[in-house]
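Descriptive analysis of the structure
Letter by letter, the chains look like this.
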Amino acid sequence: MKVLILGGTSEASALASALTERSIPALFSYAGRVSAPKPQPLPTRVGGFGGVEGLAAFLADNRITHLVDATHPFAERMSRNAVSAAQRSGIRVIALTRPPWEPMAGDRWERVASVDAAVSALAGPPQRVLLAIGRMHLADFAAQPQHHYLLRLVDRPEAPPPLPHHRVTIDRGPFTLDSDLALLREHGVERLVCKNSGGDGAVSKLTAARQLGLPVVMIERPALPPRQEVHSAAAVLDWLGHNSDPDADLGV
Ligand SMILES: NC(=O)c1ccc[n+]([C@@H]2O[C@H](COP(=O)([O-])OP(=O)(O)OC[C@H]3O[C@@H](n4cnc5c(N)ncnc54)[C@H](OP(=O)(O)O)[C@@H]3O)[C@@H](O)[C@H]2O)c1
């Protein structure tokens, strides 16, 4: 058995630790998007594979028997490629994801299907908007240049995004309710835009928005091809045929 973990999330890191503790042979893969990715206890490679073909070749060259797609729920291309390459290579694949967030009483969510739809939802008079969507689609919001955008990013962007009024705050989380309440108050935020990433590390902004009565434009997850999907490292261990120790900290 040899496992390849497609990473870039806290779930992937938790799984890497769990496999290491059980001496299950595995490799870890990062896309290489952030300047200082978290070190992993497994042999780690960085960078794209070169599409489905490249990933299929990597799986064969490294004799991978099990592929775990633990990328972010919005890493759509990688997740599609994982399903296709595993099919082509005849190996098993599973997705390790976080359940999406669901609205609670007091939430004022506008749920939209895509970044484009989020941009359209911002039509209207100028507001102070927290844009917590990462850095890939910031330029799309130039179509609504009237707003003042507060951008929360992991790394400082190499070039300023083309948004006439914006400010950048650098923080990779995990975030707390107190710090998110302070951030929203300090910047007078009137509306939030975020992706439905799920998980605990970034949920505090939603709790803070609820407490302050602020509306949220929630970008829902992209649809992916049918695949087996689980929400814990323990479930991946079961899939691998290794019993998980119920007392172990698996980041569940
Ligand atoms: N999208 C988000 O909101 C978000 C948020 C937090 C973390 N992340 C993490 O950031 C990374 C990139 O996300 P993305 O949205 O840019 O992905 P994406 O659009 O689905 O992927 C674009 C390309 O990046 C390469 N890639 C992505 N993940 C990789 C991995 N773990 N190992 C090796 N290559 C990878 C692949 O290149 P090739 O086709 O050349 O193989 C893929 O086709 C992922 O690891 C993801 O977990 C994403």
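Nothing here was measured: the structure is a model prediction, and the numbers come from that model.

**Some details on the site of the ligand**
- Gly-7, Ser-29, Phe-49, Met-78 and Lys-195 are the nearest of the 22 residues found near the ligand.
- A distance of 2.9 Å is found between an oxygen atom of the ligand and a backbone nitrogen or oxygen belonging to Arg-77.
- A total of 810 Å² of accessible area belongs to the ligand in isolation, and the protein chains cover 82% of it.
- Its residues assigned to classes, the shell around the ligand shows 7 nonpolar, 10 polar and 5 charged.

**Brief notes about the domain arrangement of the protein**
- What the domain assignment lists for the protein is domain 1 (3-99 + 224-240) and domain 2 (109-219).
- Listed per partner, the contact involves 9 residues of domain 1 and 11 residues of domain 2.
- Here domain 1 and domain 2 share an interface that buries about 770 Å² over both sides, 48% of which is from carbon and sulfur atoms.
- Looking at the side of domain 1 facing domain 2, the largest losses of area belong to Arg-33, Phe-74 and Arg-98, adding up to 55% of the total buried there.
- Across the contact surface, domain 1 and domain 2 share 0 salt bridges.
- For the pair domain 1 and domain 2, the number of links is 4 residue pairs in polar contact (both at pLDDT 80 or more).
- For the side of domain 1 that touches domain 2, the class distribution of residues is 5 nonpolar, 2 polar and 2 charged.

What counts and what doesn't
Residues numbered from 1 in each chain as written. Predicted model: local features only at pLDDT ≥ 70, side-chain atom pairs only at ≥ 80, totals over all residues. Heavy atoms only, no water. Near = heavy atom within 4 Å. Polar contact = N/O pair within 3.5 Å; in protein donor to acceptor, adjacent residues only side chain to side chain. Areas by Shrake-Rupley, 256 points an atom, 1.4 Å probe, with all protein chains shown as cover. Nonpolar A, V, L, I, M, F, W, Y, C, P; charged D, E, K, R; others polar. Domains from an automatic or database assignment. Contact = heavy atoms within 4.5 Å. Buried area = accessible area lost by both parts, 1.4 Å probe. Salt bridge = Lys/Arg side-chain N within 4 Å of Asp/Glu carboxyl O.

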